[in-house]
There are 2 protein chains.
Amino acid sequence: MFKKYNIIVVGGGHAGCEAAAAAANLGSSVLLITMNMATIAQMSCNPAMGGVAKGQIVREIDAMGGYSGIIADKTTIQFRMLNRSKGPAMWSPRSQNDRMRFAEEWRLQLESLPNIDIWQDTVKEIIVKNGRANGVVTSLGLTIESDAVVLTNGTFLNGTIHIGEKRFGGGRTGEKAATGLTEQLVSLGFQSGRMKTGTPPRVDGRSLDYSKMEEQWGDEERGRFSFTNVELPTEQRCCWITYTNEAVHETLKEGFEKSPMFTGRIKGLGPRYCPSIEDKINRFAERDRHQIFVEPEGWKTVEIYVNGFSTSLPEDIQLKALRLIPGFENARMFRPGYAIEYDYFPPMQLDLTLETQQIKHLFFAGQINGTTGYEEAASQGFIAGINAHQRINDLHELILKRSESYIGVLIDDLVTKGTEEPYRMFTSRAEHRLLLRQDNADARLTPIAHQLGLVSDERLEQVKQKVASADRIVEYLRTHSVDTDAINPILQELHTSPLTQKTRLFHILTRPQVSIGDISRTDSGLATLLSNFDKAIIEQAEIKVKYDSYFEKEIEIVNKMRRMEDQEINPEFDYTSLVSLSKEAREKLIKVKPRTLGQASRISGVSPSDISVLMVHMS
Amino acid sequence: MFKKYNIIVVGGGHAGCEAAAAAANLGSSVLLITMNMATIAQMSCNPAMGGVAKGQIVREIDAMGGYSGIIADKTTIQFRMLNRSKGPAMWSPRSQNDRMRFAEEWRLQLESLPNIDIWQDTVKEIIVKNGRANGVVTSLGLTIESDAVVLTNGTFLNGTIHIGEKRFGGGRTGEKAATGLTEQLVSLGFQSGRMKTGTPPRVDGRSLDYSKMEEQWGDEERGRFSFTNVELPTEQRCCWITYTNEAVHETLKEGFEKSPMFTGRIKGLGPRYCPSIEDKINRFAERDRHQIFVEPEGWKTVEIYVNGFSTSLPEDIQLKALRLIPGFENARMFRPGYAIEYDYFPPMQLDLTLETQQIKHLFFAGQINGTTGYEEAASQGFIAGINAHQRINDLHELILKRSESYIGVLIDDLVTKGTEEPYRMFTSRAEHRLLLRQDNADARLTPIAHQLGLVSDERLEQVKQKVASADRIVEYLRTHSVDTDAINPILQELHTSPLTQKTRLFHILTRPQVSIGDISRTDSGLATLLSNFDKAIIEQAEIKVKYDSYFEKEIEIVNKMRRMEDQEINPEFDYTSLVSLSKEAREKLIKVKPRTLGQASRISGVSPSDISVLMVHMS
Ligand SMILES: Cc1cc2nc3c(=O)[nH]c(=O)nc-3n(C[C@H](O)[C@H](O)[C@H](O)COP(=O)(O)OP(=O)(O)OC[C@H]3O[C@@H](n4cnc5c(N)ncnc54)[C@H](O)[C@@H]3O)c2cc1C
Ligand SMILES: Cc1cc2nc3c(=O)[nH]c(=O)nc-3n(C[C@H](O)[C@H](O)[C@H](O)COP(=O)(O)OP(=O)(O)OC[C@H]3O[C@@H](n4cnc5c(N)ncnc54)[C@H](O)[C@@H]3O)c2cc1C
């Protein structure tokens, strides 16, 4: 009853939405099959996007023509640029979002793309013909054909929900789990594993005493994720901060003997960096308090997300402990926190394009690959959608480099190193993070997306203009100097030592105390120049100057490593013939099938001497 | 972990929302327990409120301080007053609604009521102490106490979804069924039954050719449900009409052998008056086409509800047949139609207050009582919520009369006659429908709600003003006459015969061709008077005049019947002692426990001579 589609995307979560949109925008006919159309782009956990390293990912998706940033911007109830006090590599945009509106906007976004059809159903099986994915079979018994399939099942594969000693099947609370698919994939030779994640209780905001908490407002001059000019909501809502204490911890401990985590009922590994509150008090026994962010779930609802209090302890313990937190004395719960265990597929079974090695034209993206987080999922979906399209049209594949994007780091990490616990992005994972900033995601990636056809000429032109304009400012600063008479009073104001001779503006600006605005007060030429450009461009120039020496060093390193990173290895390369490789290296290389020498060097178990062997062989 | 509540409402559908709100507004502390907070007030089937007889119910709920009308008004994408060409007793407001917004507004409405707490969980069991409902046990194993419980489980009790030969457990597509409760209630002595209902496929509006359909716009001068001054959305969306044809019917018949309805897999009876398309072509074989209303699911979404095409045939047959409908040649489906079977409790087990006879302080409302429709559910919920509050506070019960409301008719029908098939409201069910109009719901019911404390003094005053103002206009028309010279030219314009003598305005207005506006052109006193009042009041006066003689007759009938309707019977009355009753009458009277002689007379199997026996005994 269906035509044959170019691409079927299974799952309407963050990964599935971006995958479907990207493939459709490239020209593929896409069928998005998802279990419930009413839950498209549901945020399973906190209603927020971005944050440290994750915000950079959202900017990268946006720079390439994905929608996560746009949807987040449209539905932002509070926006903050985190880490403003640190260097710009650390600046990380984060938004608090209206949960219902976020899902609604994504749904409308998908509906607006003519190449996407939607079908509400559950996929039970992948059709494989001659080693290639050829379509799916659904729980209604439908066979639907396609040239490629992208799986983005999230936490739904054999999902099991735990609250204390109780256990239910489910992909999210109130939603069914998806069964059958794991079993089929395993029978096809895939290896599957089990992971777990958790969510905090939701409480009734009317029952909280905010006077006992610290207010946390959004940025006054608010930023955004998207480089496009999507319109932003004007108002922002307040969040609050409070803390647990020893009484809270003692109470939580009462529930440990019923905890599914400590009694061994949960076998899957959870995200170490996003631990449950019971995990935190267990692992950091020395800390007598933990921070709790009290976050509204939307513009108008009274529902509150208790960020930092993820738990799967029995619900009565959850409530009892909550009520010992300042401001929560009379808290009423709407829904308890819970943990969920689900199947994932260790990502070393994938190629850097996110195609599986086992079955061609089959792509995996999102939580199914062992990651956690909307942003991680969305970015993988975006890349998988693109590569599925490129693959079936015999076009060049898209593999982002570690030196050009967090997305590249993410996928390279997954595919090269695998992951035993839910993988989330951190700035520390990116060795070139100085270059992978949120402010320059467009300069880094929009040209690549433009080449693919995902971004208009006009948009590319804008990015070029932005870069050129910033360069013009930098050039001005490099070529103009200022007299001591003019600048010293200002330097004094800023509590930095006076100059003894005429100095280039560029040089002055490298001082941490001095901003470009300060300098422009002494140089009317600069002031005039700046008045032509908007804030983002001026900021860009300022960052370029201030961190110039760091950037230069970083670029040098990248260039040095480029030899290895650019040295391609044929994926069909026969490692068995290289007897001088260590046994472990040989096995791992066969498993991962690295695309480059650089990737090979990151495989655990592959030593520098193994790399030398490879190098010798290749040159 | 919970305090003891006054009232626990189980289920956040239309019945549950109104029940919780009404009880809370009366002052009870209410806990609303529902399986998924994200689906509160989901419209399971068509995104529309009101319609013939159902629109009247919404007006009645609104007149008494319920919220269904307000929520519908806020989320209306198209409004039409049906049956405008017929007498005002038939005028029926109907709105097409934005599905997502409707659910969102209800949720926010509930959140705005301080007496309502919400808990996401599934109720498995009612706690009964000394023959009284005393709380519930949930699937998390929680015991929550209360003085009364209102069950509004809708289609979720042991729900089974059917599509062709496929069958799944579920309370709605994508949602889990609720198990355990039926079994417990049966073990407590309740009788349960099985019913079914169905829903049509949803299609992608982008795949339809609207040029082949008739446009159907909303009323230009748009009406509303609510008597309050809730702000209405200004724009309206278009709907369309198309028709099935013989080719469609032949195609559907191909699926009959796999139909769960015709193969006997579905045992429950479906709504005769809201039949599936397969039912229609089976039962009305002589009709070569059926009307299909093509209705958008919201303001912005492209999803379309195919009203009139409810079906549980295999999904490929659904699509094949759909595509033979003009305008649907290239239709793409989003979700297939399906049928659902669920448990209900035959409503003769209830009292007119909707309390169960078996267990005191336990109330049933909505689809669980064998009804179908949001409006029917909402109104029952509203009454059950009120009576639960009144009951636990030893306050007088609320039983609306058949002569004063559709809600009274609905509940009296259910409790007195029971129902074997899903019960929906029709104007024909109301013997006094001339009096039960949508325009006078406020005059009929706001005073009653005010007495309960559900409606403010101010609102009551407004209603009184409205009635008094209309009466003033009527009085003017009764006491003023017009000369033939002045009126005859107008009558001629209106193609009605001229007058031969000075005549009362009232008398002239009874002519169907003449409107009050026409008359006011000849009488400046009237024109001035009318200029003081708004449209609703003038319309009210006009209706009063035009249908005066009918109304009078109807009121006479009501008064005549009042003797029987007002003759109360003690619910504890011992019918076994009345040997002259027929055996069937005796059994039925014991079962129903009628509150009045009038109600007794409507019990099937109770004959006029049985009523005489009762009358004799009571006088
Ligand atoms: C309880 C919980 C707590 C979490 N806590 C955190 C946290 O603290 N921090 C964090 O960063 N992340 C957390 N996450 C993870 C975050 O929600 C996910 O990383 C993100 O949603 C993954 O996106 P996805 O697109 O891969 O999958 P999902 O968002 O899970 O979407 C999967 C989609 O696929 C559909 N689907 C699944 N199987 C099928 C099938 N067979 N056929 C058709 N459709 C199917 C589902 O209906 C759903 O629409 C949590 C998730 C859960 C459930
Ligand atoms: C497929 C389908 C087609 C329909 N077609 C029509 C139609 O054509 N015409 C028409 O007039 N009507 C139709 N209806 C009926 C209409 O949807 C219902 O009459 C109306 O929704 C009933 O309202 P309710 O409040 O009684 O129950 P529902 O709207 O069903 O709500 C029940 C609520 O109770 C919750 N719940 C259930 N059990 C539990 C539990 N144990 N614990 C906690 N929460 C629980 C559920 O989560 C849900 O929120 C259809 C319904 C369905 C499902």
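Think of each chain on its own: its residues are numbered from 1, step by step along the sequence as written. Chains and ligands are labelled by the order in which they are written, letters from A for the one and numbers from 1 for the other. This being a predicted model, a pLDDT of at least 70 is required before a residue's local features are given, and a value of 80 or more before pairs of side-chain atoms are given or counted; all residues contribute to the totals for chains, interfaces and linings. Hydrogens and waters are ignored; side-chain quantities use all the structure's heavy atoms.

Draft legend 1. The arrangement of the overall build of chain A in detail. Counting from the N terminus, the helices are the DSSP runs of H or I reaching at least four residues and the strands are the DSSP runs of E reaching at least two. Looking only at helices and strands, chain A features 21 helices and 22 strands. If one aligns the C-alpha atoms of chain A with their principal axes, the spans along those axes are about 80 × 70 × 50 Å. Here chain A holds 619 residues, and the buried ones make up 63% of them. Counted over contacts in chain A with a minimum sequence separation of 6, partners at least 24 positions apart contribute 72%. When charges are counted, Lys and Arg contribute as positive and Asp and Glu as negative, whereas His and the chain ends are disregarded. For the purpose of locating charges, the reference atoms are NZ of Lys, CZ of Arg, CG of Asp and CD of Glu. Side-chain charges of chain A comprise 74 positive and 80 negative groups, with the mean position of each set lying 2 Å from the other. Partly exposed residues are those whose accessible area sits between 20% and 50% of the maximum for their type, while under 20% is buried and over 50% is exposed, using a 1.4 Å probe and protein chains only. The criterion used for residue contact is that any of the two residues' heavy atoms lie within 4.5 Å.

Draft legend 2. A look at the sheet that holds strand β19 (residues 338-344) of chain A. All names here are of chain A. By this definition, two strands are paired if DSSP reports at least two bridges between them. An order of β11-β10-β19-β12 is seen for the 4 strands of this open sheet, with the pairing classed as antiparallel. Because the sheet does not close on itself, it has two edges, and the strands there are β11 (166-169) and β12 (193-199). Pairs of neighbouring strands in the sheet enclose a mean axial angle of 25°, with direction left out of account. The pairing of strand β10 (residues 160-163) with β11 spans 4 bridges and is classified as antiparallel. Within β11, the residue paired with His162 across the bridge is Arg167. Every axis corresponds to a line fitted to the C-alpha atoms, with the helix fit spanning only the stretch in contact, and the corresponding angles, defined between N-to-C directions, vary from 0 to 180 degrees.

Draft legend 3. The packing of aromatic side chains, seen in detail. The rule is short: rings of Phe, Tyr and Trp, with Trp giving its six-membered ring, pair when the centres are within 6.5 Å, and they are stacked under 30 degrees, edge-to-face over 60, tilted in between. Applying the stated criterion across every chain yields a total of 22 aromatic pairs over all chains. Seen from their ring centres, Tyr547 of chain A and Tyr550 of chain A are 6.2 Å apart, and the 40° between their planes marks the pair as tilted. Judged by relative accessible area, Tyr550 of chain A falls into the partly exposed class, the value being 44%. The cationic tip of Arg289 of chain A hangs over the ring face of Tyr243 of chain A; the distance from NZ or CZ to the ring centre is 3.5 Å. A positively charged side chain is recorded as over a ring if its NZ (Lys) or CZ (Arg) lies within 6 Å of the ring centre. The angle to the ring normal must also be within 35 degrees. Directly above the aromatic system of Tyr423 of chain B lies the positively charged group of Arg429 of chain B, at a separation of 3.9 Å from the ring centroid.

Draft legend 4. Representation of the domain arrangement of chain A. With domains assigned, chain A is organised as domain 1 (5-152 + 344-451), domain 2 (202-337), domain 3 (457-551) and domain 4 (567-618). Once you take the C-alpha centre of each, domain 2 of chain A and domain 3 of chain A turn out to be 43 Å apart. Domain borders in the structure are assigned automatically or taken from a domain database.

Draft legend 5. Representation of the interface of chain B and chain A within the structure. Of the residues lining the interface, 48 residues belong to chain B; the matching set on chain A comes to 48 residues. A pairing counts as a salt bridge when a side-chain nitrogen of Lys or Arg comes within 4 Å of a carboxyl oxygen of Asp or Glu. At the junction of chain B and chain A, the tally comes to 6 salt bridges. In this structure, Glu104 of chain B and Arg101 of chain A form a salt bridge, with 2.7 Å as the shortest nitrogen-oxygen distance. Any pair of nitrogen or oxygen atoms within 3.5 Å is treated as a polar contact; in protein, a donor-acceptor pairing is required on top of that, and neighbouring residues in sequence qualify only through side-chain atoms on both sides. Where chain B meets chain A, there are 28 residue pairs in polar contact (both at pLDDT 80 or more).

Draft legend 6. Structural view of the site of ligand 1. Residue and element names in this part refer to chain A. Around ligand 1, the surrounding shell holds 34 residues, and the nearest of these are Ala15, Val123, Gly198, Gln367 and Gly373. At 2.9 Å from an oxygen atom of ligand 1 is found a main-chain nitrogen or oxygen belonging to Ala15. Here a nitrogen atom of ligand 1 and a backbone polar atom of Val123 are 2.8 Å apart. Calculation of accessible area relied on Shrake-Rupley with a 1.4 Å probe; when residues are assessed, cover is drawn exclusively from the protein chains displayed. Bound to the protein, ligand 1 loses 97% of the 980 Å² it would expose on its own. Contributing elements (two or more residues each) for the shell around ligand 1: α1 (14-26), β2 (30-34), β12, β19 and α9 (374-392). Ranked by the residues each element gives to the shell around ligand 1, the list is headed by β12, at 3 residues. Any residue with a non-hydrogen atom lying within 4 Å of a molecule or strand is treated as near it.

Draft legend 7. Looking closely at the relation of the copies chain B and chain A. Here chain B sits on chain A after a turn of 180° about the axis and a move of 0.0 Å along it, with an RMSD of 0.1 Å. As the rotation angle and translation indicate, the two copies are arranged about a two-fold axis. Relative to the rotation axis, the C-alpha of Glu175 of chain B is the closest in chain B, positioned 3.0 Å from it. A shared interface surface links the copies, since 100% of the contact residues of chain B are contact residues in chain A too. A least-squares fit on C-alpha atoms brings the copies together, and the residues used are those whose pLDDT is at least 70 in both copies.

Draft legend 8. Structural view of the pairing of strand β12 (residues 193-199) of chain B. All names here are of chain B. The element β12 is largely enclosed, with a buried count of 5 among its 7 residues. The pairing of β12 with strand β19 (residues 338-344) spans 7 bridges and is antiparallel. Bridge pairing links Gly193 to Tyr344 in β19.

Draft legend 9. Region of the structure containing the environment of Gln96 of chain A. Residue and element names in this part refer to chain A. By the element assignment, Gln96 lies in strand β5 (residues 92-97). Taking relative accessible area as the criterion, Gln96 reaches 1% and is therefore assigned buried. Separated by 14 residues in the primary sequence, Gln96 and Leu82 have C-alpha atoms spaced 12 Å apart. Setting aside residues no more than four positions away along its own chain, Gln96 makes contact with Pro47, Ala48, Thr75, Thr76, Ile77, Gln78, Cys239, Glu295 and Pro296. Here Arg94 takes part through its side chain, which lies 2.9 Å from a polar atom of the side chain of Gln96.

Draft legend 10. Layout of the sheet that holds strand β3 (residues 48-50) of chain A. Residues and elements named next belong to chain A. Taking strand neighbours across the sheet as the criterion, the 3 strands line up as β3-β5-β4 in an open arrangement whose pairing is antiparallel. Only two strands of the sheet have a single partner each, and these edge strands are β3 and β4 (76-82). Across the sheet, the mean angle from the axis of one strand to that of its neighbour is 15°, orientation sign disregarded. Judged from the 6 bridges that link them, β4 and β5 form a sheet pairing that is antiparallel. When the bridges of β5 are listed, Gln78 appears paired with Gln96.

Draft legend 11. Main features of the site of ligand 2. Residues and elements named next belong to chain B. Around ligand 2, the surrounding shell holds 34 residues, and the nearest of these are Ala15, Cys45, Val123, Gln367 and Gly373. Contact distances for ligand 2 include 3.0 Å between a nitrogen atom and a backbone N or O atom of Gly198. A total of 990 Å² of accessible area belongs to ligand 2 in isolation, and the protein chains cover 97% of it. Residue assignment for the shell around ligand 2 shows that the elements contributing at least two residues are α1 (14-26), β2 (30-34), β12, β19 and α9 (374-392).

Draft legend 12. Representation of the environment of Ile569 of chain B. All names here are of chain B. Tracing the sequence through the fold places Ile569 in the loop between α18 (548-566) and α19 (583-592). Accessibility expressed as a relative area gives 3% for Ile569, which makes it buried. Spatially, the C-alpha atoms of Ile569 and Leu597 are 6.7 Å apart, while their sequence positions differ by 28 residues. If near-sequence neighbours (up to four positions away) are discounted, Ile569 is found in contact with Tyr575, Pro594, Arg595, Thr596, Leu597, Ala600 and Met618.

Draft legend 13. Inspection of the pattern of salt bridges at higher detail. All names here are of chain A. For the structure on display, the rule yields 93 salt bridges over all chains. Among the salt bridges present, the one from Arg94 reaches Glu295, with a minimum N-O distance of 3.2 Å. Pair noted here: Arg94 is in strand β5 and Glu295 is in strand β16 (residues 291-296), with a separation of 201 residues, a long-range link. Each of the two residues, Arg94 as well as Glu295, counts as buried. Each of Arg402, Asp412, Asp413, Lys417, Glu431, Glu565 and Arg602 takes part in salt bridges that share partners, so that together they form one network.

Draft legend 14. Structural context of the side chain of Lys546 of chain A. Along the chain, Lys546 of chain A falls in helix α17 (residues 535-546). Buried charge Lys546 of chain A goes without a salt bridge, the closest partner of opposite sign being Glu542 of chain A at 4.8 Å.

Draft legend 15. Molecular detail of the nonpolar core. Take the buried residues of types Ala, Val, Leu, Ile, Met, Phe, Trp, Tyr and Cys, join any two whose side-chain atoms come within 4.5 Å, and each joined set is a nonpolar core. In this structure, Phe309 and Phe328 of chain A together with Leu151 and Leu362 of chain B are the most contacted members of the largest nonpolar core, which totals 134 residues. Sequence-distant contacts of Leu151 of chain B, that is, excluding residues within four places in its chain, are made with Val10, Ile126, Leu181, Leu185, Leu362, Phe363, Phe364, Ala365 and Ile368 of chain B. Judged by nonpolar contacts, the second largest core, of 133 residues, contains Ile8, Leu362 and Leu445 of chain A together with Val302 of chain B.

Draft legend 16. Local environment of the packing of helix α12 (residues 457-479) of chain B against helix α17 (residues 535-546) of chain B. Residues and elements named next belong to chain B. Across the interface, α12 lies against α17 with an axial gap of 8 Å and an inter-helix angle of 55°. Between α12 and α17, the angle falls in the class oblique. In this structure, α12 crosses over α17, and the sense of that crossing is right-handed. Between α12 and α17, the residues in contact are Lys466, Val467, Ser469, Ala470, Asp471, Ile473, Val474 and Leu477 and Ile537, Ile538, Gln540, Ala541, Lys544 and Val545, respectively. When its residues are assigned to classes, the contact of α12 with α17 shows 9 nonpolar, 2 polar and 3 charged. Note that the term roughly parallel is reserved for angles under 35 degrees, roughly antiparallel for angles over 145, roughly perpendicular for angles of 65 to 115, and oblique for everything else. Working rule for handedness: look at the near helix, and if it is turned counterclockwise from the far one by less than a right angle, call the crossing left-handed; if clockwise, right-handed. Residues are grouped as follows: Ala, Val, Leu, Ile, Met, Phe, Trp, Tyr, Cys and Pro are nonpolar; Asp, Glu, Lys and Arg are charged; all remaining types, including Gly, are polar.

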